[in-house]
Amino acid sequence: MDVTVVGSGSWGSAFSRLLQRRGHRVQVLTMTTAEADELNRRHENPHFLPGVALPPEVRFVAMDEAELGASELVVYAVPTQAVRAVARWVGPRRAPGSLQLSLAKGVELGTLERPSQAIREETGDSAAVLSGPNHAEEVARDMPSATVVASADDEVAARLQAAIMCETFRVYTNSDVLGVEFCGAAKNPIAVAVGMSDGLGFGDNSRAALITRSLAEVTRLGLAMGGRFETFAGLAGIGDLIATCTSRHSRNRRAGELLAQGVSPADLEATVGQVVEGVPTARALHDLAARLGLELPVTEQVYAVLEGHSTAAETVQRLMGREAKREHQ
Ligand SMILES: NC(=O)c1ccc[n+]([C@@H]2O[C@H](COP(=O)([O-])OP(=O)(O)OC[C@H]3O[C@@H](n4cnc5c(N)ncnc54)[C@H](O)[C@@H]3O)[C@@H](O)[C@H]2O)c1
């Protein structure tokens, strides 16, 4: 298959490597010619994925110079807030009937839409989504991982499963696009909350309580939007939540630690050095919950810290001081 991956960051680089090893012809689109030249020369992405050799067959091309006409699959590996602009650019250039796959995990600010919705609006065609416990740093080192590809069209999901799955990357199909995509978005603010707990010096009990109660709130919101319960109990749901909330690779968890140490929300992304999807997504979920009239206790506390309304330490008192409840409503 001829594949174009838009986005040459951590996940774009790791995913391209995976696709090339699976036998596909892969071009990765960068924002500048200088970046493409450097990556083609080094066969390594020292900023986003240091220490991983990228196959020389993976070609990096600047968006200005790229052609998409031969690509049977276009993969979106950019931050959520950039997906719409990229899809607008891809729309008139892609081959009719080519497949689209979004790897982005977030909710668009303002529209409160999922990445696949933005892609459909801008290209006039649907996009499948891929989400699961998949840190680029581990997938790129061929550590066994599993993921979910979701499409409303079972045949498309099966084609993508066959195209991507290999001995180190196990792919399950799912038709619940909303649920899979929403899980990937909602886990990031939760990881920020867990990072704050870790940064404040709390332990395993606190982390486990946060993860479990957060799963309840993510599931509540996801079901209200039309997702399926099993999705939240699967790889894209609890699976990704566990990985993101416990991993040393998670920049969202790291962002939470930094907030607990007093780093200002405005400086987070510069300090982490890469996109921290949990920041815009916490804001988008705050707006979405308000629109649907739902309570998201943990996400709301992350939002309050990001907006400068409270400190990490104050959020603990707020969460622990909530009224007594039944575990299941
Ligand atoms: N890193 C991971 O382990 C991982 C795993 C699963 C999903 N994701 C998701 O994949 C998406 C990308 O994450 P990442 O970790 O690769 O981010 P990153 O910060 O490492 O890289 C983002 C890349 O997108 C490029 N980019 C930004 N705006 C662009 C635009 N308008 N046009 C073209 N390129 C643009 C940047 O130049 C950069 O190369 C995010 O939504 C993230 O949540 C990441």
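For the structure itself, look to the data block above.
The notes below deal with the structure included here. (Residues numbered from 1 in each chain as written. Predicted model: local features only at pLDDT ≥ 70, side-chain atom pairs only at ≥ 80, totals over all residues. Heavy atoms only, no water.)

Our next topic: the packing of helix H7 (residues 177-199) against helix H10 (residues 235-246). It is the contact of H7 with H10, at a shortest axis distance of 9 Å, that shows an interaxial angle of 30°. Put simply, H7 runs roughly parallel to H10. Taken as a pair, H7 and H10 cross one another with a handedness that is right-handed. On H10, the residues that touch Val180, Cys183, Gly184, Lys187, Asn188, Ile190, Ala191 and Val194 of H7 are Ala236, Gly237, Asp240, Leu241, Thr244 and Cys245. Looking at the contact of H7 with H10, its residues break down into eight nonpolar, four polar and two charged. (Axes fitted to C-alpha atoms, helices over the stretch in contact; angles between N-to-C directions. Helix = DSSP H or I, 4+ residues; strand = E, 2+ residues; numbered from the N terminus. Parallel < 35°, antiparallel > 145°, perpendicular 65-115°, else oblique. Left-handed = near helix turned anticlockwise from the far one by under 90°. Contact = heavy atoms within 4.5 Å. Nonpolar A, V, L, I, M, F, W, Y, C, P; charged D, E, K, R; others polar.)

Strand order in the open sheet formed by eight strands is E3-E2-E1-E4-E5-E6-E7-E8, with mixed pairing between adjacent strands. With partners counted over all chains shown, the strands left at the sheet margins are strand E3 (59-62) and strand E8 (169-174), one partner each. For this sheet the average axis-to-axis angle between neighbouring strands, irrespective of direction, equals 25°. Bridge count between strand E6 (residues 128-131) and strand E7 (residues 145-150): three bridges; the pairing is antiparallel. Bridging across to E7, Leu130 finds its partner in Val149. (Pairing = 2+ DSSP bridges.)

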